[in-house]
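If you want the building blocks of each chain, they are given just below.
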Amino acid sequence: MTPTQEQNRAQALEQKHHLQLYKRYPVTFVDGKGSILTDSEGKKYIDALAGIAVNSVGHCHPQVVNAIQEQAAKLIHVSNLYFTEPQSELAERLTRISGMDRVFFTNSGTEAVEGAIKLAKRRGANKGRRGQIISFDGCFHGRSSGPLSAHSAKQKQAFEPLLPGFAQLPFGDEQILRHTVDDNTLAILIEPVQGEGGVRAAPDSFLQLARQLCDEHDALLIVDEVQCGVGRTGSWWGFQQSGVKPDIMTVGKALGGGYPIGAVLATEEAAGHFAFGDHGTTFGGNALGCAAANATLKVFEEEKLVERAAEMGEYARHKLQKAAESSDRIQEVRGRGMMIGVNLAFEGKKLVVELMEKGVLANCTADTVIRFLPPLTISKEELDQVLDTFLEVLAKHETEGQDA
């Protein structure tokens, strides 16, 4: 079978048997190393999306691969009725890195947010409160019923009734937030940097106000670090750049180096409101996933990837901002660290296709924002190639804009 036939077969099988939920690009990937993906026909691409902020240590990092192989040969899963060394080791490592007290492991970021919502509601019930959890426009916390309940009316309408007790406010509006939080509020749920919402960073003052209001009204501050956490923004966690500390934090995506694993982290006070049996999981925190996560976090520390994200991200944004000065097609360069968004003056989906044709993977979010989430191990040469290719593609649309 030729490479083209293999690719066609894979796509035909998906279209015949898989729920048709993804508008996939017509490419079948078969190999990944570092920042480079190879498709079934041998074409290579620089991956500036990293599986949507998942492959932060690059594709198939040798230490992560070795950890998975070694653990798979010893013990994969036993359930949470028993102890395993990888899980206990990861619990210690993750609480130390985060500054939180307790952790609960999940299989994904969505499950982590589910756990955070459940903990907030349990704490409220223990205190005799049945108030609201506040979220913000542009948020994305997951696609299951709990996280979806925090989303906009448009996102929710086809799936209602969902969970009651959520209120969505304008992102960054301090006055409305101040007037909404009261003694019946259960929690404020916020992404320090919104990903799907267009790579929008919450102003430091807004996060600080959220912390202040939670303290004044005995509510919980929940930060969703699923996309922006684990070093992506140039600090271990996005919230650290504002100087606040949350009561609950959700983690996912990059934690396992490509292997699915998530976590809910909490302070002792918040965590103490869960009793034995209030929450649980069959697969969450399995030995294989925890081994992958331990290896991933070791790579972060040994290769200083948090510091590298800050340095490389600053370089990339400076280069893009310089280009924006002479472009009427770039409205704003956004982001922190290696979580970068370029807000265009037109819809960006066609640029994603053109970038792919030239061997660069990125995506478009919030209609007009080209989002770059490359591996934090990407070389400067590869990063330059990504940015130069983007600016080359954009230049064609500069001409189109002038012609119009």
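What comes next concerns the included structure. Keep in mind the model is a prediction, meaning the values are calculated, not measured.

## Re the layout of surface pockets
Alright, step 1. If you add up the space inside the second largest pocket, you get close to 1,100 Å³.
Alright, step 2. Lining of the second largest pocket is provided by 38 residues; of these, Q87, V103, F104, F105 and F276 occupy positions nearest its centre.
Alright, step 3. For the lining of the second largest pocket, the elements supplying multiple residues, two or more each, are α4 (85-98), β4 (102-106), α5 (109-126), β12 (262-266) and α10 (268-271).
Alright, step 4. In terms of residue class, the lining of the second largest pocket is built from 18 nonpolar, 16 polar and four charged.

## Focus: the pattern of salt bridges
Alright, step 1. Per the counting criterion, the structure on display carries 23 salt bridges.
Alright, step 2. The partner of R123 in a salt bridge is E269, with the nearest N and O atoms 3.3 Å apart. Residue R123 is located in helix α5, and its partner E269 is located in helix α10; the two are separated by 146 residues in the primary sequence.
Alright, step 3. According to the relative accessible area criterion, R123 is buried, its value standing at 6%.
Alright, step 4. Judged by its relative accessible area of 39%, E269 is partly exposed.
Alright, step 5. Where salt bridges share partners, they join R123, K127, R129, D218 and E269 into one cluster.

## Considering the pairing of strand β2 (residues 36-39)
Alright, step 1. With four bridges joining them, strand β1 (residues 29-33) and β2 adopt antiparallel strand pairing. If you follow G32 over to β2, its bridge partner there is L37.
Alright, step 2. Hairpin connection of β1 to β2: two residues between the antiparallel strands, including G34 at a positive phi of 60 degrees.
Alright, step 3. When β2 meets strand β3 (residues 44-47), the two strands line up antiparallel, connected through three bridges. Looking at the pairing, L37 lines up with Y45 of β3.
Alright, step 4. Between β2 and the antiparallel strand that follows it, β3, lie four residues; G42 among them carries a positive phi value of about 90 degrees.

## A word on the sheet that holds strand β16 (residues 363-365)
Alright, step 1. Read from one edge of the open sheet, four strands run β13-β14-β17-β16, paired in antiparallel fashion. A strand with exactly one partner marks an edge of an open sheet, and here the two such strands are β13 (330-336) and β16. Recorded for the sheet is a direction-independent mean angle of 30 degrees between the axes of neighbouring strands.
Alright, step 2. Across six bridges, the pairing between β13 and strand β14 (residues 339-344) is antiparallel. Bridge pairing in β14 places R334 opposite G341.
Alright, step 3. Strands β13 and β14 of the sheet are contacted by helix α12 (residues 305-324), whose axis makes an angle of about 170 degrees with β13.

About the thresholds
Residues numbered from 1 in each chain as written. Predicted model: local features only at pLDDT ≥ 70, side-chain atom pairs only at ≥ 80, totals over all residues. Heavy atoms only, no water. 1 Å grid on protein atoms, 1.4 Å probe; cavity = no way out; pocket = protein on both sides within 12 Å on 5 of 7 lines; lining within 4 Å. Points joined across faces, edges and corners; volume = space filled by probe spheres on them. Helix = DSSP H or I, 4+ residues; strand = E, 2+ residues; numbered from the N terminus. Nonpolar A, V, L, I, M, F, W, Y, C, P; charged D, E, K, R; others polar. Salt bridge = Lys/Arg side-chain N within 4 Å of Asp/Glu carboxyl O. Buried < 20%, exposed > 50% of the residue type's maximum accessible area, 1.4 Å probe, protein only. Pairing = 2+ DSSP bridges. Axes fitted to C-alpha atoms, helices over the stretch in contact; angles between N-to-C directions. Contact = heavy atoms within 4.5 Å.

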